[in-house]
Amino acid sequence: MSIIASRLHAIRPSETKAMTARAVALRDQGIDVIALSQGEPDFDTPLSIQEAGIRAIRESRTRYTPVAGIKPLREAIQEKLNRDHGLTYHVDQITVGCGAKQVVFNALFASLDPGDEVVIPVPCWVSYPDIVALAGGRPVLVSCDESAGFKLKPDALEAAITPRTKWLLLNSPSNPTGAVYSARELAALAEILRLHPRVHVLADDIYEKLVYDVGFATMAQVSPDLFDRVLMVNGVSKSNAMTGWRIGYGAGPAPLIKAINTIQGQTTSHPSSISQYAAIEAIAGNQNYIARFVAEFRQRRDFVVARLNEAAGLRCRAPDGAFYAFVSCAGVIGKKAPNGQVIASDTDFSDYLLDQFAVAVVPGSGFMLSPYIRISFASPLGDLQRACDRIIAACTALS
């Protein structure tokens, strides 16, 4: 077996994509499935951004661009990072990729030698461990359970670091839990990192703008002395309702950014030119719509949390950010469905909800923590109301 084939063999199928695909297949059969499995805002891309993309087409801005992205976009990102976080980057310390995921992928491929370790607090986004494995590294999964607020604590970080540790990967607000690290919590982690100068931080801040009743902080801002050890990753997909436009970006040490650009130059070359011009408007233009998005998500969050806590066997804490509820289903494990099937795991419960009540969610096992289910509330309130009614009915039907 080749090196690549052996690495691919270790990659797990995506639970999120699998559940979404099953939901689509059932819909094609005429079944009224409510899909709460996809992490995608239901809002339209704001009109000003749409118009910027259309204008780029009409102005024939449809040619190849620099691998790192067009300079006006990188300058807009440069200004955004200074405006929002007080951080100063040279334009050559910024790269633009086909979504934040590609920036993460490129960074790990550029920096990991075989056997290098990446500390990943779990539950986590499903792609992190697999990208590390594809790059030849070893994901070190550190369990951060509900009693810890689903967040990494300093002692757990210290225990996970070895001489092979290359990165700490932090996602705040978190997918799947919505947990948000405070400035104080990040500063406590920074105290450990100062003891291990070889360890870098990949800060995935893609849900930065989607926070509720808490502030947002990022490691380079909280601990300026670690600035040269931090790669900040962000994008326009979530906050600006631009998932399909595929624009993410990274800001960090110039040698790392240069290496990322080298890899990107041999893969995608660069993101869509049209999307890049639209992203300038998203980052530098009027963003008043974000407050409306956040207010709508907060209303949906509050509704979903309240309703799911009415369901027998479920327990749902209110997330501080993103648009996911990570729901404990420990209380339904061991119960029987009306057809006699025993619910033995969160995967069984997710299948039960889809097959018998036409609601698609993602089992916590996909995010490396069970027994939970992840519910996206990035759907219209009417759909969430119907879905919660069905989930409550599904729990009531268990015995």
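Analysis parameters
- Residues numbered from 1 in each chain as written.
- Predicted model: local features only at pLDDT ≥ 70, side-chain atom pairs only at ≥ 80, totals over all residues.
- Heavy atoms only, no water.
- 1 Å grid on protein atoms, 1.4 Å probe; cavity = no way out; pocket = protein on both sides within 12 Å on 5 of 7 lines; lining within 4 Å.
- Points joined across faces, edges and corners; volume = space filled by probe spheres on them.
- Helix = DSSP H or I, 4+ residues; strand = E, 2+ residues; numbered from the N terminus.
- Nonpolar A, V, L, I, M, F, W, Y, C, P; charged D, E, K, R; others polar.
- Axes fitted to C-alpha atoms, helices over the stretch in contact; angles between N-to-C directions.
- Parallel < 35°, antiparallel > 145°, perpendicular 65-115°, else oblique.
- Contact = heavy atoms within 4.5 Å.
- Core = buried A, V, L, I, M, F, W, Y, C linked by side-chain atoms within 4.5 Å.
- Buried < 20%, exposed > 50% of the residue type's maximum accessible area, 1.4 Å probe, protein only.
- Polar contact = N/O pair within 3.5 Å; in protein donor to acceptor, adjacent residues only side chain to side chain.
- Pairing = 2+ DSSP bridges.

Below, the discussion takes up the layout of surface pockets. Considered as a void within the structure, the second largest pocket measures approximately 230 Å³ in volume. Every element with two or more residues in the lining of the second largest pocket is listed here: α2 (15-28) and β1 (34-35). For the lining of the second largest pocket, the leading source of residues is α2, giving three residues. In the lining of the second largest pocket, the residues fall into five nonpolar, four polar and four charged.

The geometry of helix α13 (residues 346-357) relative to helix α14 (residues 381-397) is characterised by a closest axis approach of 10 Å and an angle of 110° between their N-to-C directions. One element, α13, and the other, α14, form an angle in the roughly perpendicular class. Within the contact between the two elements, α13 uses Phe349, Tyr352, Leu353 and Phe357 and α14 uses Arg390, Ile391, Ala393, Ala394, Cys395 and Ala397. Among the residues making up the contact of α13 with α14, the classes are represented as nine nonpolar, no polar and one charged.

Here the focus is the nonpolar core. If you look at the biggest cluster of nonpolar residues, it comprises 121 residues, and the most contacted ones within it are Leu108, Met219, Leu314 and Phe349. In terms of residues, this core owes the most to one element, helix α12 (residues 288-308), which gives eight residues. Excluding residues that lie within four positions of it along the chain, Leu108 makes contacts with Val118, Ile131, Val132, Ala135, Trp167 and Leu202. If you look at the next biggest cluster of nonpolar residues, it comprises seven residues, including Leu26, Val33, Ala358 and Ala360.

So, on to the side chain of His85. Mapping His85 onto the fold places it in helix α4 (residues 71-85). Within the local environment of His85, its side chain forms a polar contact with the side chain of Gln221, the two groups lying 3.4 Å apart. Here His85 is in contact with Lys80, Glu208, Phe216, Thr218, Gln221 and Met232, once residues within four sequence places are set aside.

So, about the sheet that holds strand β9 (residues 315-316). The strand order across the open sheet built from four strands is β9-β10-β13-β12, with neighbouring strands paired in antiparallel fashion. Among the strands making up the open sheet, the edge pair consists of β9 and β12 (362-363). Packing of α13 onto the sheet brings it into contact with β12 and β13 (372-376), and relative to β13 it is tilted by some 45°.

Right, let's talk about empty space enclosed by the protein for a bit. This structure, assessed with the given rule, holds three cavities of 30 Å³ or more. The computed volume of the largest cavity comes to approximately 120 Å³. Lys80, Lys209, Gly235, Asn240 and Gln287 are, among the 16 residues lining the largest cavity, the residues nearest its centre. If you list the elements that add at least two residues to the lining of the largest cavity, you get α4, β7 (230-235) and α11 (273-284). Broken down by element, the residue count for the lining of the largest cavity peaks at three residues, all from α4. For the lining of the largest cavity, a count of residues per class yields six nonpolar, five polar and five charged. Each pocket or cavity is described by its volume, and for the second largest cavity that value is around 100 Å³. Around the second largest cavity sit 14 residues that line it, and Pro121, Pro123, Cys124, Asn171 and Ser174 are the ones nearest its centre. In terms of residue class, the lining of the second largest cavity is made up of eleven nonpolar, three polar and no charged.

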